[in-house]
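Descriptive analysis of the structure
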Amino acid sequence: MTDAADLVLLDGTVHVLDDAGTTAEGVAIRAGEIVRVDKSDEVRHLVGVETEVVDLDGRHVLPGFVDAHTHMLDAGRQLRNADLSACDSPEACLDQLRAGRDERAEWILGFGYDESRWGGSYLARDDLDDVSTERPVAAVREDMHVVSLNSVALERYRTRMPDRDVNTEDGRATGVVVEDAAGVIYDAIDPGPERARTLLLAAQSRAHELGVTGVHDMVRRSVVPRVYRDLDLAGELSLRVRMNYWADFLDAVEETGLATNHGSDRLEVGAIKTFTDGSIGGATAKLSEPYRESGDTGKWVVPPRELRELVDRVDEAGLQLAIHAIGDEAIAETLDALAETDPSARHRIEHAEVLDDELIARLAASDVIVSAQPNFHKWAREDGLYASRLGDERRVRTNQLGALADAGATLAFGSDCMPMDPLFGVQQAVTAPTEEQRLDVTEAVRAYTRGGAYAGFAEDRQGTVDAGMRADLTVLAESPWEVDPSTIGDVDVAATVVDGAVVYDALR
Ligand SMILES: [Zn+2]
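As a starting point, this report considers the structure included with it. (Residues numbered from 1 in each chain as written. Predicted model: local features only at pLDDT ≥ 70, side-chain atom pairs only at ≥ 80, totals over all residues. Heavy atoms only, no water.)

On inspection of all chains with the given rule, the structure shows eight aromatic pairs. Geometrically, the ring pair formed by W107 and Y157 is stacked, given 5.8 Å between the ring centres and 25° between the ring planes. Placement of the pair is W107 in the loop between helix 3 (90–100) and strand 10 (108–113) and Y157 in helix 5 (residues 151–157), with a sequence separation of 50 residues. Note on accessibility: W107 and Y157 belong to one class, buried. Grouped by ring-pair contacts, the aromatic residues F65, F413 and Y448 constitute a single cluster. Sitting above the plane of the W246 ring, K273 keeps its charged end 4.5 Å from the centroid. Note that R346 overlies the ring of Y454, its terminal NZ or CZ placed 3.9 Å from the centroid. (Phe/Tyr/Trp six-rings, centres within 6.5 Å; stacked < 30°, edge-to-face > 60°. Helix = DSSP H or I, 4+ residues; strand = E, 2+ residues; numbered from the N terminus. Buried < 20%, exposed > 50% of the residue type's maximum accessible area, 1.4 Å probe, protein only. Lys NZ or Arg CZ within 6 Å of the ring centre and 35° of its normal.)

Pasting the structure below:
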């Protein structure tokens, strides 16, 4: 007789997400592994006295979402400080900052503002001085490449910031700082271990509410790796975390002998994360043709020669690379730098936003994974951010997910926390303005499940709902294939399962 299952889910629609498009009614799970996917009557045979039985009542089971590019500490900060992501005006941001200030903390912090929501300019020091003239105030733009400061914060840190990254108007600093100057502020607000633990646990809960079972977290110089290890050892990590270490960790990673895929089943070493350029929002992504407004072509954050040295070093060390490249010039440069690297290393380009036909063909022909963010399509609408920064012609050439998929590129989807919500990303991918930018629901869900699993060397155990795979599942109240595409983001997550354990439960 077959051993009983620990958990069975019955009477739903199970989307296996294999190439054949298989569906089933139920899933049986034992010791964290999927042991049967079949009709409910068949799965019911595995119910024993101690089996937990969940009636799906027509709900939909998908492989667990893998957010292949996220920032968990910042997601936690957004949850625990002023959340500016829904603010439609500078005034609304200031209200949130005032309401969210923590009297015990020194800084007043807000995260996730997007000035394209009010069609205007960045928050400036004059705005933020209205929040406080005594305490430092920082409002971080959602792309994290731009930070707005009040006068207290600006005056305190100005001398440590490179001039080129401090915006001025008529010789006076506006309070807006970018790139390395923003890095000075990140160092200043870096949390200690206790605070980091609180923030990461808040972000983990939020991820599960959104159906996320695994993340590739971009880990900047901080206590975060240590805190993650402590959480893993204490059995408090319910999310699968792959740490992509910022390049400033590289010496340490090499010296301590860490390699890609080292770790536990819950916490792994991922890639070394580096940059080439900035962002479209910050007008710092490196373009071949100038920005519509500023007339310049962006900035190298890591210049090409330095990038090549880093690529050679990381590739030789047998580590995976995750290279941020947004502008077409930066993407071309990154592909050049990766041309001679180990094809089995699964190196990744992060974002790859501004594309032309040649770049799409090059990405498809290479072994490089395109780690894209479908939610960035929210900027691709008429009168959106891309239109104002790039003009209409380039607006429709951003994030060409459909063209990339058709050409045979390997896609892995992530949120970059803008916002951390896979269903919102799927909705954006499915409703993008042009065919070249659009995917169908299956392709989009695959990139958010199998795609991330592949980028994490885990496609043999994650990314499909199949016998023998780990039981990482997302249960949805409705089918994203059946609802109006413009409402996919509103579909409720009913439950999230990681390794057979229900980590989020809105079923009952
Ligand atoms: Zn990012």
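Enumeration according to the criterion identifies four cavities of 30 Å³ or more in this entry. Within this model, the largest cavity holds a volume of roughly 120 Å³. Considering the residues around the largest cavity, the lining is formed by 17 residues, among which H216, R240, R242, E268 and Q462 are closest to the centre. Broken down by class, the residue content of the lining of the largest cavity amounts to six nonpolar, six polar and five charged. When its volume is computed, the second largest cavity comes out at roughly 80 Å³. Along its surface, the second largest cavity is lined by D74, A75, Q78, F111, G112, V140, R141, E142, M144, D416 and C417. Going through the elements one at a time, helix 2 (72–80), strand 10 and strand 11 (137–141) are the ones with two or more residues in the lining of the second largest cavity. By residue number, the principal contributor to the lining of the second largest cavity is helix 2, which donates three residues. Of the residues that constitute the lining of the second largest cavity, the class distribution is five nonpolar, two polar and four charged. (1 Å grid on protein atoms, 1.4 Å probe; cavity = no way out; pocket = protein on both sides within 12 Å on 5 of 7 lines; lining within 4 Å. Points joined across faces, edges and corners; volume = space filled by probe spheres on them. Nonpolar A, V, L, I, M, F, W, Y, C, P; charged D, E, K, R; others polar.)

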